[in-house]
Amino acid sequence: MADKLQIFLTVVKHMNFSRAAEELYMTQPAVSQYIKSLEEELNVQLFDRSKKKIQLTKAGEIVIYYGKEINMLSTKMNRALDDLTNHVAGELLLGASYSYGEYLLPKCLAAFLTDYPQVYPRICIDNTTEIADKIINQTLDLGIIEGSIPIKRIVMHKIATDHMVIVAKSEQTVHNLNDQTWIIREQGSGTREAFEHFIKEHNIVPHRILEFGSTQLIKEAVVNGLGVALLSEWTIKNEMQLNKLQIVLKDKYNYNRDFHAIHLNTPFLSKTTETFLEFLKK
């Protein structure tokens, strides 16, 4: 029926059998025969041929509506099957939490696209909870988060271990961590989750807490002497080289967490998504 529907939609496009035949590289009698066969199969009349110009019947209008839907779904299915089985190419919808997305993902993508130049990534940077929500809502193919997400519909793959340290403007200003102003991320962030585990593990009760919405803001706040922060070593490399930030109490206080790649619990990952996932795991 798929071929018959396609021919019917082409006739509808021109409302003329001859022009439809030209577009389809068919003879007009062949087009007419396909339409007749479709009418017999559906047991309806699709065109009113009693007048000088053909006109759609009510049944024909219904077949147009559903025929377009069937045609679109068929195209999507074929593309998905082709992507699944053959090609590492096309759009890749990626989400990443701030620490990984802003400091590690660009380098990773550059290496991946060298091998697979026909992939076109679209990147969303958000906190861990939001990335997980987008995976569940199927607006992302793959997410990269800090920590873990205990959701049955999501599959996690460890891709890296992150070493977190306490940073301050000057090492001389930090002695008792309970006396410090701590600058932390918002709820839902993997860095916030790490901070909460860290202070519980070391029995730290912060004197004051300031909550900022990004790692870059936190770094700037620490550089300007507003307090201390627990941050990934990957995120502070530039500031360390410029001597703007100092790692403090490193021998006594640090924290390790894992980065995970996440996707929906489905057997139908595209070839492109699957290939990028394997690239991350290496």
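What comes next concerns the included structure. (Residues numbered from 1 in each chain as written. Predicted model: local features only at pLDDT ≥ 70, side-chain atom pairs only at ≥ 80, totals over all residues. Heavy atoms only, no water.)

### Thoughts on empty space enclosed by the protein
The final tally for this structure, using the stated rule, is one cavity of 30 Å³ or more. Here the largest cavity defines a volume of roughly 40 Å³. What lines the largest cavity is Ile183, Ile184, Arg185, Thr191, Arg192, Phe195, Ile218 and Leu230. For the lining of the largest cavity, the class distribution of residues is five nonpolar, one polar and two charged. (1 Å grid on protein atoms, 1.4 Å probe; cavity = no way out; pocket = protein on both sides within 12 Å on 5 of 7 lines; lining within 4 Å. Points joined across faces, edges and corners; volume = space filled by probe spheres on them. Nonpolar A, V, L, I, M, F, W, Y, C, P; charged D, E, K, R; others polar.)

### As for the packing of aromatic side chains
Evaluation of the coordinates by the stated rule reveals twelve aromatic pairs. Both rings, one in Phe198 and one in Tyr253, keep their centres 6.2 Å apart while their planes meet at 70°; by these two values the pair is edge-to-face. One end of the pair, Phe198, is in helix α8 (residues 190–201); the other, Tyr253, is in the loop between β10 (246–248) and β11 (255–264), with 55 residues separating them in the sequence. With a relative accessible area of 13%, Tyr253 lands in the buried category. Every member of this aromatic cluster is reached through a ring pair, and the members are Phe112, Tyr116, Phe276 and Phe279. (Phe/Tyr/Trp six-rings, centres within 6.5 Å; stacked < 30°, edge-to-face > 60°. Helix = DSSP H or I, 4+ residues; strand = E, 2+ residues; numbered from the N terminus. Buried < 20%, exposed > 50% of the residue type's maximum accessible area, 1.4 Å probe, protein only.)

### Some words on the pairing of strand β6 (residues 154–168)
Judged from the ten bridges that link them, β6 and β11 form a sheet pairing that is antiparallel. Across the sheet, the residue bridging to Met164 is Tyr255, located in β11. The pairing of β6 with strand β9 (residues 229–232) spans four bridges and is classified as antiparallel. Each residue of the ladder has a partner; that of Val165, found in β9, is Leu231. Pairing analysis gives three bridges linking β6 to β10, with the strands arranged antiparallel. Among the inter-strand pairings, Ala168 is bridged to a residue of β10, identified as Gln246. (Pairing = 2+ DSSP bridges.)

### Focus on the layout of surface pockets
What the second largest pocket holds in volume is close to 240 Å³. Along its surface, the second largest pocket is lined by Tyr103, Leu104, Lys107, Cys108, Lys219, Trp234, Thr235, Ile236, Lys237, Asn238 and Glu239. Secondary-structure elements contributing two or more residues to the lining of the second largest pocket are α6 (105–115) and α10 (237–241). Among the elements that line the lining of the second largest pocket, the one with the most residues is α10, at three residues. Its residues assigned to classes, the lining of the second largest pocket shows five nonpolar, two polar and four charged.

### Looking at the environment of Leu109
Tracing the backbone shows Leu109 in helix α6. Here the alpha-carbon distance between Leu109 and Pro121, two residues twelve residues apart in the chain, equals 8.4 Å. Sequence-distant contacts of Leu109, that is, excluding residues within four places in its chain, are made with Leu94, Pro121, Ile123 and Phe276. (Contact = heavy atoms within 4.5 Å.)

### Some remarks on the pattern of salt bridges
Across all of its chains, the model carries 15 salt bridges by this definition. With a closest N to O distance of 3.1 Å, Arg122 and Glu91 form a salt bridge. Here Arg122 is found in strand β4 (residues 119–125), whereas its partner Glu91 is found in strand β3 (residues 90–96), with 31 residues between them in sequence. With relative accessibility at 48%, the residue Glu91 sits in the partly exposed group. The partner of Lys158 in a salt bridge is Asp258, and the shortest N-O contact between them spans 3.6 Å. (Salt bridge = Lys/Arg side-chain N within 4 Å of Asp/Glu carboxyl O.)

### Points about the nonpolar core
The biggest cluster of nonpolar side chains holds 21 residues, and the ones touching the most others in it are Tyr100, Leu105, Ile144, Ile159, Phe276 and Leu280. Mapped onto this core, the elements with two or more residues apiece are β3, α6, β5 (142–146), β6, β11 and α11 (271–281). At four residues, α6 tops the list of elements feeding residues into this core. Discounting chain neighbours no more than four positions away, the residues touching Leu280 are Tyr100, Cys108, Leu142, Ile144, Ile159 and Ala261. (Core = buried A, V, L, I, M, F, W, Y, C linked by side-chain atoms within 4.5 Å.)

### Brief notes about a nonpolar patch on the surface
Together, Ile62, Tyr65, Tyr66 and Ile70 line one region of the surface with nonpolar side chains, adding up to about 450 Å² of accessible area. Of note, Tyr66 is situated in helix α4 (residues 58–85). (Patch = residues over 30% accessible without salt bridge, like charges linked within 9 Å, V, L, I, M, F, W, Y side chains within 5 Å. Areas by Shrake-Rupley, 256 points an atom, 1.4 Å probe, with all protein chains shown as cover.)

### Section: the packing of α6 against α11
Put simply, α6 and α11 touch, their axes get as near as 11 Å, and they point 125° apart. By the criterion of interaxial angle, the relationship of α6 to α11 is oblique. Crossing of α6 over α11 shows right-handed handedness. Of α11, the residues touching α6 (which contributes Leu105, Cys108, Leu109, Ala111, Phe112 and Asp115) are Thr275, Phe276, Phe279 and Leu280. (Axes fitted to C-alpha atoms, helices over the stretch in contact; angles between N-to-C directions. Parallel < 35°, antiparallel > 145°, perpendicular 65-115°, else oblique. Left-handed = near helix turned anticlockwise from the far one by under 90°.)

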